[in-house]
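Here's the letter readout for the chains.
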Amino acid sequence: MVSKILEIIGLEKKYNSGFSLKVDRLFTEENKILVMIGPNGSGKSTLIRIINLLESSDSGSIYFNDKLITGNGVNKIMVRKEMSTVFQEPLLFNTSVYNNILMGLEFRGKKISGSKEIFNYLIDKLKIKNLLKRNPKSLSGGEQQRVALARALILEPKLLLLDEPLANIDQLSREELRNDLFDILRATGRSTIYVTHDRNEAMIIADSIAVINEGRIEQFGLKDEVFRKPASEFIAKFVGVETLIEGIVAECKDNVCRIKIDGSKNDIFAVAASADQGTKVTVAIRPEDVILYNIEMNPGLSSAMNSFKGEITEIQDLGIFKKVEIDCGFKLVSFVTQNSIERLGLEPRKKVLSSVKASSVHILAGRALNADRQF
Amino acid sequence: MELIWQGIKSAFILIFSGNKEILEIILLTLKVSGIAVIISMVLGIPIGLLIGLNNFKSKRFVITIINTGMGLPPVAAGLFVSLMLWRSGPLGIMGIMYTPTAMIIAQVLIASPIIAGVTLAAVQQVNPKLKLQALSLGANRVQVLWILLKEAKLPALAAIMAGFGGVISEVGAVMMVGGNIKGQTRVLTTATVQNVRMGNFDVAIALVIILLILAFIVNIFLTLIQQRENMTWYQRFWK
């Protein structure tokens, strides 16, 4: 059985500014990566500091490795020594890169000799072998963060806390460092809490995801669950759902609901356990689930229950993907490759046929989605 | 002009002749000021660190007291120590008035607030997030203070320089509590005053030149530590 490395229950922290952090329940398992995702100022970093016992909570419990680490009588230093944190800023000390990497070991009274293997692995993997004698001040932001990561990882912590470690790095270095870091995390299988506001990072590395907004966990679940079944419009937008359409449940039969869309003759079919007829809902469709066809070619019968005729209104270049917006009586967004653009001859004002499986259409809870704070 | 020129010439003769009395004065000056600065460092640096790195209710008030102490007139320090150590004073029983110990106490009273104040200002300039980073790496309280002091190394050394400069050039307090007794409590500054009063300008000039050279040597040493390249034990070991 996989045991929980960290569990938070009923945690609350209020600030004089009026901001409050409230976590009813959150946990992560051993050797798994929990990604905390949310906009700036949502409370992600605060939660990391509370987990790392750098700040105290007003109430609630945190269990680390099955031990309660909140309340009186906790040896905070001992707990911190079993974790290590990398913050958004590298926060390196005014000594050599080598000394910086060994600093945590030094605080633990340990010698490099016991960590030689991981040291060599990290300096090689993080490409900082040639920087060891340098002072961090002479390094680029990306290099500094590599050193900060090595400093945290060499401690082989029971729980690694990464608080937006890639946020302050330029785009090019970020992608490279992200790949290196994720390789290390996969290879070492380290239990990690990774904070980011980049959903792509979450999609790549997460086992489970907690979406935080305004100091509340809006949704917490396995990665696929959060990405496929966002619990609210906010989360849907945050996890990259480009198509959000309001409609009314017309009927539900055999776990498939037909949603009537205002101002469109197209109905949308969605797989759902149940939904009351006449309920106002919002349906969410991920752009990568929308398949486009050249309208002149008959795609033939398919298992996709939704197929809409529409006209391309805009094509945006997103780098690897092109974002194609289609007017089907409602706005539908699809991500396609350049290759598909060329093969299908896609361009603005061109008519296309798009299809989406009913299982890829997710019905978001109730009408009052923006006020939805029941999590 | 002749007086000054003659004075400088005689001063150099005096310096290089290896005059025993001058040598004793130099040694006592270094001893009193050196010990006073070391004690002031031991007191001032931790006080500066603790105040600078912690938040508490009366922090501003305490900082104001230290800042006032930084400008403490030496004669006030001398008077206070005299009152304490005077035969009928609270600490008179110790019998250390007019001894180098009394001079050291007075100088500690002058230098400690300077070192504490400059250290305090220095650590307040250090990125406060470094403290969090050190804690998150598992540092205990002493390790946090030490690592942040190292971060504030440059201004902290300036604090020591300021403290040393303050005490080696001081005359009022050491005159009051030391008494400028020949062979016992006479230091460069008090000896200079004495010789000017007696019209021995050549000796006074010699003493001032020595005082300047001493201050210069000590500050060269501290500046070298302060400004040297950030070499680590690792670099020194492998280079």
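For every chain, the first residue of the written sequence is number 1, and numbering continues from 1 along that sequence. All chains are assigned letters beginning at A, and all ligands numbers beginning at 1, according to the order in which they are written. It should be noted that, the model being predicted, local features are given only for residues of pLDDT at least 70 and side-chain atom pairs only at 80 or more, the latter also being counted only at that level, while totals for whole chains, interfaces and linings use all residues. Hydrogens and waters are ignored; side-chain quantities use all the structure's heavy atoms.

### Some words on the overall build of chain B
Moving on, step 1. A count of helical and extended segments in chain B gives 12 helices and 0 strands.
Moving on, step 2. When the elements of chain B are put in sequence order from the N terminus, they spell out α-α-α-α-α-α-α-α-α-α-α-α.
Moving on, step 3. Projecting the C-alpha coordinates of chain B onto the three principal axes gives extents of approximately 65 × 55 × 30 Å.
Moving on, step 4. Each residue is assigned to one of three classes by its accessible area relative to the maximum for its type, calculated with a 1.4 Å probe on protein chains only: buried under 20%, partly exposed between the two thresholds, exposed over 50%. Out of the 239 residues belonging to chain B, those deemed buried represent 44%.
Moving on, step 5. Contacts are residue-level and defined by heavy atoms, with any inter-residue pair within 4.5 Å sufficient. Taking all contacts inside chain B whose residues are at least 6 apart in sequence as the whole, residues at least 24 apart take part in 73%.
Moving on, step 6. Carbon and sulfur atoms make up 71% of the accessible area of chain B, which totals about 12,800 Å².
Moving on, step 7. When charges are counted, Lys and Arg are positive and Asp and Glu negative, with His and the chain ends excluded. Charge placement uses NZ in Lys and CZ in Arg. For Asp and Glu, CG and CD serve respectively. Looking at charge distribution, chain B has the averaged site of its 18 positive side-chain charges lying 17 Å from that of its 7 negative ones. By the criteria applied, helices consist of DSSP H or I runs no shorter than four residues and strands consist of E runs no shorter than two, each listed in order from the N terminus. Residue exposure ignores everything except the shown protein chains as possible cover, and the areas themselves are Shrake-Rupley values with a 1.4 Å probe.

### With respect to the overall build of chain A
Moving on, step 1. Each helix and strand in chain A was counted, giving 10 helices and 20 strands.
Moving on, step 2. Projected onto its principal axes, the C-alpha positions of chain A cover 70 × 45 × 40 Å.
Moving on, step 3. Pairs at least 24 apart in sequence give 66% of the contacts found in chain A among residues at least 6 apart.
Moving on, step 4. Just so you have it, chain A exposes about 17,400 Å², and 47% of that area is on carbon and sulfur atoms.
Moving on, step 5. Looking at chain A, you have 52 positive and 48 negative side-chain charges, and the mean spots of the two groups are 4 Å apart.

### Overview of the environment of A:Met103
Moving on, step 1. For A:Met103, the position within the fold is in helix α3 (residues 97-107).
Moving on, step 2. Residue A:Met103 is classed as buried on the basis of its relative accessible area, which comes to 4%.
Moving on, step 3. Sequence-distant contacts of A:Met103, that is, excluding residues within four places in its chain, are made with A:Phe93, A:Thr95, A:Arg151 and B:Ile147.

### Here we look at the pairing of strand β19 (residues 351-356) of chain A
All names here are of chain A.
Moving on, step 1. Most of β19 is tucked away, with 5 of its 6 residues classed as buried.
Moving on, step 2. What makes two strands pair is DSSP finding at least two bridges between them. Two strands pair when backbone bridges link them, and strand β15 (residues 291-294) and β19 are joined in this way by 4 bridges, in the antiparallel orientation. Paired with Asn 294 across the strands is Val 352, a residue of β19.

### Description of the nonpolar core
All names here are of chain A.
Moving on, step 1. In this structure, Val 35, Ile 101, Phe 119, Ile 154 and Ile 209 are the most contacted members of the largest nonpolar core, which totals 102 residues.
Moving on, step 2. Setting aside residues no more than four positions away along its own chain, Val 35 makes contact with Tyr 194, Thr 196, Ala 202, Ile 205, Ala 206, Ser 208, Ile 209 and Ala 210.
Moving on, step 3. For our purposes a nonpolar core is just a set of buried Ala, Val, Leu, Ile, Met, Phe, Trp, Tyr and Cys residues, chained together by side-chain atoms within 4.5 Å. Counting 28 residues, the second-largest nonpolar core is a separate cluster that includes Ala 270, Ile 285, Leu 332 and Val 356.

### Side note on the sheet that holds strand β14 (residues 280-285) of chain A
Residues and elements named next belong to chain A.
Moving on, step 1. Strands sit in the order β13-β12-β11-β14-β20 across an open sheet of 5 strands; the sheet is antiparallel. Each having just a single partner strand, β13 (267-271) and β20 (361-364) make up the two edges of the open sheet. The average angle at which neighbouring strand axes cross in this sheet is 45 degrees, direction not considered.
Moving on, step 2. With 6 bridges joining them, strand β11 (residues 243-253) and strand β12 (residues 256-261) adopt antiparallel strand pairing. Lines fitted to the C-alpha atoms define the axes, with helices restricted to the stretch that makes contact. Angles between their N-to-C directions range from 0 to 180 degrees.

### Brief notes about the packing of helix α5 (residues 100-125) of chain B against helix α8 (residues 153-168) of chain B
All names here are of chain B.
Moving on, step 1. In the contact formed by α5 and α8, the axes pass within 8 Å of each other and the chain directions differ by 160 degrees. Our classification of the angle between α5 and α8 gives roughly antiparallel. Regarding α5 and α8, the two cross each other, and that crossing is right-handed. Along the contact surface, α5 presents Gln 107, Ala 111, Ile 114, Ile 115, Val 118, Thr 119 and Ala 122, while α8 presents Pro 155, Ala 156, Ala 158, Ala 159, Ile 160, Ala 162, Gly 163 and Val 167.
Moving on, step 2. The residue classification treats Ala, Val, Leu, Ile, Met, Phe, Trp, Tyr, Cys and Pro as nonpolar and Asp, Glu, Lys and Arg as charged. All others, Gly included, are polar. Here the residues of the contact of α5 with α8 sort into 12 nonpolar, 3 polar and no charged. Every angle not falling under 35 degrees, over 145, or within 65 to 115 is termed oblique; those three ranges are roughly parallel, roughly antiparallel and roughly perpendicular. With the far helix as reference, a near helix turned anticlockwise by less than a right angle produces a left-handed crossing, and one turned clockwise produces a right-handed crossing.

### Remarks on α8(B)
Moving on, step 1. With 16 residues, α8(B) extends 22 Å from end C-alpha to end C-alpha; this agrees with the ideal 22 Å at 1.5 Å per step.
Moving on, step 2. Inspection of α8(B) places B:Ala156, B:Leu157, B:Ala159, B:Ile160, B:Met161, B:Gly163, B:Phe164, B:Val167 and B:Ile168 among the buried residues, and these make up the whole buried set. For a helix, the expected span equals 1.5 Å multiplied by the residue count minus one.

### Things to note about the pairing of strand β7 (residues 159-163) of chain A
All names here are of chain A.
Moving on, step 1. Within β7, 5 of the 5 residues are buried, which leaves it mostly tucked inside the rest of the structure.
Moving on, step 2. The two faces of β7 match: Leu 159, Leu 161 and Asp 163 on one face and Leu 160 and Leu 162 on the other face are all buried.
Moving on, step 3. With 4 bridges connecting them, strand β6 (residues 83-86) and β7 associate as parallel partners. Within the sheet, the bridge partner assigned to Met 83 lies in β7 and is Leu 159.
Moving on, step 4. Sheet topology note: the β7/strand β8 (residues 192-196) ladder contains 4 bridges and is parallel. Paired with Leu 162 across the two strands is Tyr 194, which belongs to β8.

### Some words on the state of the cysteines
Residues and elements named next belong to chain A.
Moving on, step 1. When two cysteine sulfur atoms lie within 2.5 Å, the pair is treated as a disulfide. Tallied over the full model, the rule gives 1 disulfide over all chains.
Moving on, step 2. The disulfide that involves Cys 252 links it to Cys 257, with 2.0 Å between the sulfurs. Between Cys 252 and Cys 257, the S-S torsion sits near 105 degrees, and that sign places the bridge as right-handed.

### A short note on unusual backbone geometry
With the exception of glycine, the majority of residues adopt a negative phi angle, and the majority of peptide bonds are in the trans configuration.
Residue and element names in this part refer to chain A.
Moving on, step 1. Its identity as a non-glycine residue notwithstanding, Asn 65 has a phi of 60 degrees, on the positive side.
Moving on, step 2. With phi around 50 degrees, Asp 254 is a residue other than glycine that occupies positive phi space.
Moving on, step 3. Within the element layout of this structure, Asp 254 appears in the loop between β11 and β12.
Moving on, step 4. Accessibility expressed as a relative area gives 70% for Asp 254, which makes it exposed.

### Topic: the interface of chain A and chain B
Moving on, step 1. On the side of chain B, 20 residues touch chain A, which itself brings 29 residues to the contact.
Moving on, step 2. Note on terms: buried area is the combined drop in 1.4 Å-probe accessible area of two parts once they are placed together, counting the loss on both. Interface area for chain A against chain B, summed over the two sides, is near 2,300 Å², with a carbon-plus-sulfur share of 62%.
Moving on, step 3. For chain A, the biggest contributors to the area lost against chain B are A:Phe93, A:Phe107 and A:Lys133; these three give 28% of the whole.
Moving on, step 4. The closest approach of N and O atoms between B:Lys129 and A:Glu89, which form a salt bridge, is 2.4 Å.
Moving on, step 5. Side-chain atoms alone can form a polar contact between residues adjacent in sequence; in general such a contact is a pair of N or O atoms within 3.5 Å, and within protein one must be able to donate a hydrogen while the other accepts it. Where chain A meets chain B, there are 6 residue pairs in polar contact (both at pLDDT 80 or more).
Moving on, step 6. For the side of chain A that touches chain B, the leading source of residues is α3(A), giving 6 residues.
Moving on, step 7. Split by residue class, the side of chain A that touches chain B holds 12 nonpolar, 9 polar and 8 charged. Between Lys or Arg on one side and Asp or Glu on the other, a salt bridge is scored when a side-chain nitrogen of the former is within 4 Å of a carboxyl oxygen of the latter.

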